[in-house]
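Here is what each chain is made of, one letter per residue.
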Amino acid sequence: MKIGFVGLGIMGKPMAKNLLKAGYELVVYDIVGAPVEEVVGAGAQKGASPKDVAAQGDIIITMLPNSPHVKEAVLGKNGVIEGARKGSIVVDMSSIAPLAAQEVAAELAKKGVEMLDAPVSGGEPKAIDGTLAIMVGGKAGVFEKVKPILLKMGASAVLCGEIGSGNVTKLANQIIVALNIAAMSEAFVLAAKAGVDPGRVFDAIKGGLAGSTVLNAKAPMVLKGNYKPGFRIELHIKDLQNALDTAHAIGVPVPLTGTIMEIMQALRVDGKQKDDHSGVIQFYEKLAGQLVRSNL
Ligand code: NAD
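Residues numbered from 1 in each chain as written. Predicted model: local features only at pLDDT ≥ 70, side-chain atom pairs only at ≥ 80, totals over all residues. Heavy atoms only, no water.

A. Representation of the overall build of the protein. Per the secondary structure count, the protein includes 14 helices and 9 strands. For a compact globule of 296 residues, the expected C-alpha radius of gyration is about 19 Å, and the protein comes in at 20 Å, within 12% of that figure. Once the C-alpha set of the protein is aligned to its principal axes, its extents read approximately 65 × 45 × 35 Å. For the protein, the residues scored as buried account for 51% of the 296 residues in total. Long-range pairs, those at least 24 residues apart, make up 66% of the contacts in the protein with a sequence separation of at least 6. Element-wise, carbon and sulfur atoms account for 59% of the exposed surface of the protein, whose accessible area totals about 13,100 Å². (Helix = DSSP H or I, 4+ residues; strand = E, 2+ residues; numbered from the N terminus. Rg over C-alpha atoms; globule rule 2.2 N^0.38 Å. Buried < 20%, exposed > 50% of the residue type's maximum accessible area, 1.4 Å probe, protein only. Contact = heavy atoms within 4.5 Å. Areas by Shrake-Rupley, 256 points an atom, 1.4 Å probe, with all protein chains shown as cover.)

Shown next, in the form of C-alpha coordinates:
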(Lines give C-alpha, C1' and ligand atoms only; values in the text may rest on other atoms or scores of the structure.)
Protein backbone atom coordinates (compact mmCIF):
# COMPACT_ATOMS: atom_id res chain seq x y z
CA MET A 1 0.00 0.00 0.00
CA LYS A 2 1.29 3.45 -0.94
CA ILE A 3 0.45 6.55 1.11
CA GLY A 4 0.34 10.11 -0.25
CA PHE A 5 1.15 12.87 2.25
CA VAL A 6 0.42 16.58 1.64
CA GLY A 7 1.60 19.17 4.19
CA LEU A 8 4.97 18.68 5.91
CA GLY A 9 4.90 21.42 8.57
CA ILE A 10 5.62 21.19 12.30
CA MET A 11 3.20 18.24 12.58
CA GLY A 12 3.12 16.69 9.11
CA LYS A 13 6.89 16.19 8.81
CA PRO A 14 7.35 13.98 11.90
CA MET A 15 4.08 12.15 11.15
CA ALA A 16 5.29 11.34 7.64
CA LYS A 17 8.64 10.18 9.02
CA ASN A 18 6.86 7.80 11.42
CA LEU A 19 5.00 6.23 8.49
CA LEU A 20 8.33 5.70 6.72
CA LYS A 21 9.80 4.15 9.88
CA ALA A 22 6.81 1.80 10.00
CA GLY A 23 7.73 0.60 6.51
CA TYR A 24 5.06 2.31 4.38
CA GLU A 25 5.90 3.56 0.90
CA LEU A 26 5.32 7.32 0.88
CA VAL A 27 4.96 10.05 -1.76
CA VAL A 28 4.97 13.59 -0.33
CA TYR A 29 4.21 17.19 -1.32
CA ASP A 30 4.40 20.63 0.29
CA ILE A 31 4.47 24.11 -1.26
CA VAL A 32 7.70 24.70 0.72
CA GLY A 33 10.76 22.80 -0.54
CA ALA A 34 12.95 22.26 2.54
CA PRO A 35 10.72 19.85 4.49
CA VAL A 36 10.04 17.87 1.29
CA GLU A 37 13.79 17.38 0.76
CA GLU A 38 14.17 16.28 4.40
CA VAL A 39 11.41 13.65 4.17
CA VAL A 40 12.69 12.50 0.75
CA GLY A 41 16.09 12.13 2.43
CA ALA A 42 14.41 9.82 4.95
CA GLY A 43 13.11 7.58 2.15
CA ALA A 44 9.97 9.13 0.64
CA GLN A 45 9.34 9.92 -3.04
CA LYS A 46 8.74 13.50 -4.13
CA GLY A 47 5.32 14.32 -5.60
CA ALA A 48 4.84 17.18 -8.09
CA SER A 49 1.44 18.34 -6.76
CA PRO A 50 -1.44 17.14 -4.57
CA LYS A 51 -2.91 15.69 -7.81
CA ASP A 52 0.30 13.72 -8.47
CA VAL A 53 0.46 12.48 -4.87
CA ALA A 54 -3.18 11.37 -5.06
CA ALA A 55 -2.65 9.59 -8.38
CA GLN A 56 0.08 7.45 -6.78
CA GLY A 57 -1.45 6.87 -3.34
CA ASP A 58 -4.11 4.43 -2.14
CA ILE A 59 -4.55 6.58 0.95
CA ILE A 60 -3.90 10.33 0.85
CA ILE A 61 -3.20 12.14 4.12
CA THR A 62 -3.41 15.95 4.34
CA MET A 63 -1.96 17.97 7.25
CA LEU A 64 -2.56 21.65 6.45
CA PRO A 65 -3.28 24.81 8.46
CA ASN A 66 -7.03 25.45 7.98
CA SER A 67 -10.16 24.93 5.89
CA PRO A 68 -9.13 27.15 2.91
CA HIS A 69 -5.79 25.32 2.57
CA VAL A 70 -7.51 21.92 2.64
CA LYS A 71 -10.09 23.07 0.07
CA GLU A 72 -7.30 24.39 -2.18
CA ALA A 73 -5.10 21.29 -1.90
CA VAL A 74 -7.98 18.81 -2.26
CA LEU A 75 -10.53 20.52 -4.50
CA GLY A 76 -8.42 23.22 -6.24
CA LYS A 77 -6.42 23.17 -9.49
CA ASN A 78 -3.95 20.25 -9.47
CA GLY A 79 -5.68 19.17 -6.27
CA VAL A 80 -6.11 15.69 -4.78
CA ILE A 81 -9.55 15.31 -6.41
CA GLU A 82 -8.00 15.50 -9.90
CA GLY A 83 -5.67 12.57 -9.25
CA ALA A 84 -7.50 10.36 -6.75
CA ARG A 85 -8.78 7.01 -8.01
CA LYS A 86 -12.24 5.61 -7.21
CA GLY A 87 -11.96 3.64 -3.97
CA SER A 88 -9.03 5.61 -2.58
CA ILE A 89 -9.35 7.29 0.83
CA VAL A 90 -8.50 10.87 1.79
CA VAL A 91 -7.65 11.30 5.49
CA ASP A 92 -7.57 14.98 6.42
CA MET A 93 -5.68 15.27 9.71
CA SER A 94 -5.71 19.10 9.76
CA SER A 95 -7.86 20.94 12.32
CA ILE A 96 -10.56 22.61 10.19
CA ALA A 97 -14.21 23.69 10.46
CA PRO A 98 -16.48 20.61 10.69
CA LEU A 99 -18.69 22.04 7.93
CA ALA A 100 -15.67 22.38 5.62
CA ALA A 101 -14.79 18.71 6.22
CA GLN A 102 -18.34 17.75 5.22
CA GLU A 103 -18.18 19.92 2.08
CA VAL A 104 -14.84 18.43 0.96
CA ALA A 105 -16.10 14.88 1.64
CA ALA A 106 -19.25 15.52 -0.42
CA GLU A 107 -17.16 16.63 -3.44
CA LEU A 108 -14.84 13.62 -3.13
CA ALA A 109 -17.84 11.27 -2.84
CA LYS A 110 -18.97 12.38 -6.32
CA LYS A 111 -15.77 10.73 -7.63
CA GLY A 112 -16.18 7.60 -5.48
CA VAL A 113 -13.42 8.73 -3.10
CA GLU A 114 -13.97 8.19 0.64
CA MET A 115 -12.89 10.66 3.32
CA LEU A 116 -12.25 10.71 7.05
CA ASP A 117 -11.62 13.85 9.09
CA ALA A 118 -8.99 12.88 11.65
CA PRO A 119 -7.48 15.85 13.53
CA VAL A 120 -4.93 15.24 16.24
CA SER A 121 -3.93 16.45 19.68
CA GLY A 122 -0.57 16.24 21.41
CA GLY A 123 1.56 18.79 19.59
CA GLU A 124 4.98 18.38 18.03
CA PRO A 125 6.47 16.17 20.81
CA LYS A 126 3.74 13.55 20.40
CA ALA A 127 3.91 13.86 16.60
CA ILE A 128 7.62 12.99 16.87
CA ASP A 129 6.99 10.11 19.33
CA GLY A 130 4.06 8.77 17.31
CA THR A 131 1.78 9.07 20.34
CA LEU A 132 -0.83 11.59 19.11
CA ALA A 133 -4.48 11.36 20.19
CA ILE A 134 -6.46 11.06 16.93
CA MET A 135 -10.19 11.89 16.75
CA VAL A 136 -11.98 10.62 13.68
CA GLY A 137 -15.20 11.29 11.78
CA GLY A 138 -16.48 9.13 8.91
CA LYS A 139 -17.78 5.68 8.03
CA ALA A 140 -16.88 2.81 10.40
CA GLY A 141 -15.74 0.56 7.52
CA VAL A 142 -13.39 3.21 6.16
CA PHE A 143 -12.06 3.91 9.66
CA GLU A 144 -11.23 0.22 10.21
CA LYS A 145 -9.19 0.17 6.97
CA VAL A 146 -7.16 3.23 7.95
CA LYS A 147 -6.83 2.60 11.72
CA PRO A 148 -3.54 0.60 11.53
CA ILE A 149 -1.94 3.52 9.67
CA LEU A 150 -3.30 6.08 12.16
CA LEU A 151 -1.85 4.02 15.01
CA LYS A 152 1.64 4.41 13.51
CA MET A 153 1.25 8.17 14.15
CA GLY A 154 -0.86 8.08 17.29
CA ALA A 155 -1.29 6.19 20.56
CA SER A 156 -5.06 6.27 20.11
CA ALA A 157 -7.55 6.68 17.26
CA VAL A 158 -11.21 6.98 18.25
CA LEU A 159 -14.14 7.06 15.83
CA CYS A 160 -16.36 9.88 17.14
CA GLY A 161 -19.20 9.76 14.57
CA GLU A 162 -19.99 10.72 10.97
CA ILE A 163 -17.75 12.95 8.82
CA GLY A 164 -17.10 16.25 10.64
CA SER A 165 -17.24 14.61 14.09
CA GLY A 166 -13.46 14.45 14.30
CA ASN A 167 -13.29 18.22 13.98
CA VAL A 168 -16.19 18.80 16.39
CA THR A 169 -14.19 16.75 18.92
CA LYS A 170 -11.05 18.75 18.11
CA LEU A 171 -12.91 22.03 18.75
CA ALA A 172 -13.93 20.67 22.18
CA ASN A 173 -10.28 19.73 22.75
CA GLN A 174 -9.06 23.20 21.78
CA ILE A 175 -11.52 24.97 24.10
CA ILE A 176 -10.33 22.82 27.01
CA VAL A 177 -6.61 23.31 26.20
CA ALA A 178 -6.91 27.11 25.76
CA LEU A 179 -8.81 27.57 29.00
CA ASN A 180 -6.38 25.34 30.91
CA ILE A 181 -3.50 27.51 29.72
CA ALA A 182 -5.40 30.66 30.75
CA ALA A 183 -6.16 29.22 34.21
CA MET A 184 -2.51 28.18 34.68
CA SER A 185 -1.36 31.66 33.63
CA GLU A 186 -3.76 33.48 35.96
CA ALA A 187 -2.73 31.23 38.87
CA PHE A 188 1.05 31.50 38.29
CA VAL A 189 0.94 35.31 38.05
CA LEU A 190 -1.03 35.40 41.32
CA ALA A 191 1.48 33.09 43.03
CA ALA A 192 4.51 35.01 41.75
CA LYS A 193 3.16 38.42 42.82
CA ALA A 194 2.19 36.96 46.22
CA GLY A 195 5.87 36.01 46.63
CA VAL A 196 5.63 32.24 46.10
CA ASP A 197 7.98 30.64 43.55
CA PRO A 198 5.69 29.43 40.72
CA GLY A 199 8.03 26.47 40.17
CA ARG A 200 7.20 25.30 43.71
CA VAL A 201 3.50 25.85 43.02
CA PHE A 202 3.81 23.60 39.96
CA ASP A 203 5.68 20.91 41.93
CA ALA A 204 3.16 21.02 44.75
CA ILE A 205 -0.02 20.83 42.69
CA LYS A 206 0.86 18.69 39.67
CA GLY A 207 -0.07 15.44 41.44
CA GLY A 208 -3.38 16.84 42.73
CA LEU A 209 -6.71 17.61 41.09
CA ALA A 210 -5.30 20.67 39.26
CA GLY A 211 -2.64 18.52 37.60
CA SER A 212 -3.09 17.93 33.86
CA THR A 213 -1.31 17.07 30.64
CA VAL A 214 -1.56 20.77 29.71
CA LEU A 215 0.07 21.82 33.00
CA ASN A 216 2.89 19.24 32.62
CA ALA A 217 3.59 20.32 29.03
CA LYS A 218 3.26 24.10 29.41
CA ALA A 219 4.38 24.97 32.96
CA PRO A 220 8.06 24.08 32.31
CA MET A 221 7.96 26.36 29.25
CA VAL A 222 6.39 29.40 30.91
CA LEU A 223 8.59 29.12 34.01
CA LYS A 224 11.58 29.68 31.68
CA GLY A 225 9.85 32.31 29.51
CA ASN A 226 10.22 29.94 26.53
CA TYR A 227 7.45 30.44 23.97
CA LYS A 228 9.04 28.64 21.02
CA PRO A 229 6.26 26.82 19.11
CA GLY A 230 4.93 24.06 19.33
CA PHE A 231 1.47 25.32 18.65
CA ARG A 232 1.34 28.93 17.53
CA ILE A 233 -1.16 31.41 19.01
CA GLU A 234 -2.30 32.22 15.43
CA LEU A 235 -3.30 28.58 14.91
CA HIS A 236 -5.16 28.51 18.22
CA ILE A 237 -7.01 31.69 17.17
CA LYS A 238 -8.01 29.81 13.99
CA ASP A 239 -9.39 26.91 16.08
CA LEU A 240 -11.24 29.24 18.47
CA GLN A 241 -12.78 31.07 15.48
CA ASN A 242 -13.98 27.70 14.12
CA ALA A 243 -15.34 26.87 17.61
CA LEU A 244 -17.18 30.21 17.90
CA ASP A 245 -18.63 29.94 14.36
CA THR A 246 -19.77 26.35 14.91
CA ALA A 247 -21.22 27.11 18.36
CA HIS A 248 -23.12 30.20 17.17
CA ALA A 249 -24.46 28.44 14.08
CA ILE A 250 -26.13 25.77 16.23
CA GLY A 251 -27.15 28.04 19.13
CA VAL A 252 -24.56 27.27 21.80
CA PRO A 253 -23.26 30.26 23.82
CA VAL A 254 -19.58 29.75 24.72
CA PRO A 255 -18.69 32.65 27.05
CA LEU A 256 -15.30 31.37 28.19
CA THR A 257 -14.25 30.60 24.60
CA GLY A 258 -15.11 34.22 23.74
CA THR A 259 -12.90 35.45 26.58
CA ILE A 260 -9.83 33.38 25.70
CA MET A 261 -10.30 34.37 22.04
CA GLU A 262 -10.05 38.06 23.02
CA ILE A 263 -6.94 37.36 25.14
CA MET A 264 -5.29 35.70 22.14
CA GLN A 265 -6.42 38.59 19.88
CA ALA A 266 -4.72 41.03 22.28
CA LEU A 267 -1.50 38.99 22.04
CA ARG A 268 -1.77 39.01 18.25
CA VAL A 269 -2.05 42.81 18.25
CA ASP A 270 1.02 42.80 20.50
CA GLY A 271 2.95 40.90 17.78
CA LYS A 272 3.04 37.59 19.64
CA GLN A 273 0.99 35.48 17.19
CA LYS A 274 3.97 33.26 16.28
CA ASP A 275 4.64 32.40 19.94
CA ASP A 276 3.59 29.04 21.38
CA HIS A 277 0.13 29.23 22.98
CA SER A 278 1.84 28.91 26.38
CA GLY A 279 2.70 32.59 25.63
CA VAL A 280 -0.85 33.45 26.77
CA ILE A 281 0.79 34.05 30.16
CA GLN A 282 2.35 37.24 28.74
CA PHE A 283 -1.14 38.82 28.67
CA TYR A 284 -1.53 38.18 32.40
CA GLU A 285 2.04 39.26 33.18
CA LYS A 286 1.37 42.60 31.50
CA LEU A 287 -1.93 43.13 33.35
CA ALA A 288 -0.35 42.48 36.74
CA GLY A 289 3.10 43.92 36.03
CA GLN A 290 4.58 40.64 37.21
CA LEU A 291 6.91 38.25 35.36
CA VAL A 292 6.58 34.52 36.07
CA ARG A 293 10.00 32.81 36.21
CA SER A 294 11.52 29.99 38.24
CA ASN A 295 14.86 28.22 38.31
CA LEU A 296 13.40 25.11 39.90
P1 NAD B 1 2.41 24.35 9.86
O2 NAD B 1 2.01 25.71 9.44
O3 NAD B 1 3.72 24.12 10.53
O4 NAD B 1 2.37 23.35 8.58
C5 NAD B 1 1.45 23.43 7.53
C6 NAD B 1 2.15 23.00 6.24
O7 NAD B 1 1.20 23.03 5.17
C8 NAD B 1 3.29 23.93 5.84
O9 NAD B 1 4.47 23.17 5.62
C10 NAD B 1 2.78 24.61 4.55
O11 NAD B 1 3.81 24.91 3.64
C12 NAD B 1 1.86 23.53 4.01
N13 NAD B 1 0.85 24.00 3.06
C14 NAD B 1 0.01 25.07 3.18
N15 NAD B 1 -0.81 25.13 2.12
C16 NAD B 1 -0.48 24.08 1.32
C17 NAD B 1 -0.99 23.59 0.07
N18 NAD B 1 -1.98 24.22 -0.57
N19 NAD B 1 -0.42 22.49 -0.45
C20 NAD B 1 0.58 21.85 0.19
N21 NAD B 1 1.10 22.25 1.37
C22 NAD B 1 0.57 23.36 1.91
O23 NAD B 1 1.21 23.82 10.77
P24 NAD B 1 1.23 22.59 11.81
O25 NAD B 1 1.61 23.11 13.15
O26 NAD B 1 1.96 21.43 11.22
O27 NAD B 1 -0.34 22.28 11.88
C28 NAD B 1 -1.03 21.57 10.87
C29 NAD B 1 -2.44 21.32 11.37
O30 NAD B 1 -2.38 20.53 12.57
C31 NAD B 1 -3.21 22.60 11.72
O32 NAD B 1 -4.55 22.46 11.36
C33 NAD B 1 -3.03 22.69 13.22
O34 NAD B 1 -4.09 23.42 13.83
C35 NAD B 1 -3.04 21.23 13.61
N36 NAD B 1 -2.35 20.90 14.86
C37 NAD B 1 -1.14 21.47 15.16
C38 NAD B 1 -0.53 21.15 16.38
C39 NAD B 1 0.80 21.76 16.77
O40 NAD B 1 1.17 21.65 17.96
N41 NAD B 1 1.53 22.40 15.87
C42 NAD B 1 -1.12 20.24 17.26
C43 NAD B 1 -2.31 19.65 16.90
C44 NAD B 1 -2.93 19.98 15.69
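B. Seen up close, the pairing of strand 6 (residues 114-117). The sheet contact formed by strand 5 (residues 89-92) and strand 6 spans 4 bridges and is parallel. Within strand 6, the position partnered with Asp-92 by the bridge is Asp-117. Each parallel crossover has a hand, and for strand 5 linked through helix 6 (residues 98-109) to strand 6 it is right-handed. (Pairing = 2+ DSSP bridges. Right-handed = clockwise from strand over helix to strand, strands pointing away.)

C. Examining the environment of Ala-133 more closely. Relative to the elements of secondary structure, Ala-133 occurs in strand 8 (residues 132-137). Its relative accessible area of 31% is what places Ala-133 among the partly exposed residues. Taking the C-alpha atoms as reference points, Ala-133 and Met-153, separated by 20 residues in sequence, lie 8.9 Å from one another. If sequence neighbours within four positions are ignored, Ala-133 has contacts with Pro-119, Val-120, Ser-121 and Ser-156.

D. Geometry of the pattern of salt bridges. This model, assessed by the stated rule, comprises 16 salt bridges. When the shortest N-O distance is used, the salt bridge between Lys-13 and Glu-38 registers 3.0 Å. Of the two residues, Lys-13 sits in helix 1 (residues 12-21) while Glu-38 sits in helix 2 (residues 33-41), which places them 25 residues apart along the sequence. Given the relative accessible area of 24%, Lys-13 is considered partly exposed. Given a relative accessible area of 36%, Glu-38 falls into the partly exposed group. One continuous salt-bridge network, built from bridges that share partners, spans Lys-13, Lys-17 and Glu-38. (Salt bridge = Lys/Arg side-chain N within 4 Å of Asp/Glu carboxyl O.)

E. Up close: the side chain of Asp-275. Among the secondary structure elements, Asp-275 is positioned in the loop between helix 13 (255-269) and helix 14 (281-288). The buried charged residue Asp-275 lacks any salt bridge partner; its closest oppositely charged side chain belongs to Lys-272, at an N-O distance of 5.1 Å. What Asp-275 contacts, discounting residues up to four positions off in sequence, is Tyr-227, Phe-231, Arg-232, Ile-233 and Gln-282. (Lys, Arg positive; Asp, Glu negative; His and termini not counted.)

F. Structural context of the nonpolar core. Membership of the largest hydrophobic core comes to 34 residues, with the highest contact counts inside it found for Phe-5, Met-15, Ile-61, Val-91, Met-93 and Leu-150. Elements represented by at least two residues in this core include exactly strand 1 (2-6), helix 1, strand 2 (25-29), helix 2, strand 4 (59-62), strand 5, strand 8 and helix 8 (140-153). In terms of residue count, the dominant contributor to this core is helix 8 (6 residues). Contacts of Phe-5, omitting those with residues within four sequence positions, involve Gly-12, Met-15, Ala-16, Leu-19, Val-27, Val-28, Tyr-29, Val-53, Ile-61, Met-63 and Met-153. Judged by nonpolar contacts, the second largest core, of 32 residues, contains Ala-192, Leu-244, Ile-260 and Ile-263. (Core = buried A, V, L, I, M, F, W, Y, C linked by side-chain atoms within 4.5 Å.)

G. Fine view of the site of the ligand. Around the ligand sit 26 residues, and of these Ile-10, Met-11, Asp-30, Pro-65 and Lys-238 come closest. Contact distances for the ligand include 3.4 Å between an oxygen atom and a backbone N or O atom of Gly-9. Between the ligand and Ser-95, the relevant distance is 3.0 Å, taken from an oxygen atom to a main-chain nitrogen or oxygen of the residue. Taking 840 Å² as the accessible area of the ligand by itself, protein coverage stands at 91%. Counting only elements with at least two residues in the shell around the ligand, the list comes to helix 4 (67-75), helix 7 (123-129) and helix 12 (233-249). Counted by class, the shell around the ligand contains 13 nonpolar, 7 polar and 6 charged residues. Residue assignment places the shell around the ligand across two domains, with domain 1 (2-163) and domain 2 (168-288) each supplying three or more. (Near = heavy atom within 4 Å. Polar contact = N/O pair within 3.5 Å; in protein donor to acceptor, adjacent residues only side chain to side chain. Nonpolar A, V, L, I, M, F, W, Y, C, P; charged D, E, K, R; others polar. Domains from an automatic or database assignment.)

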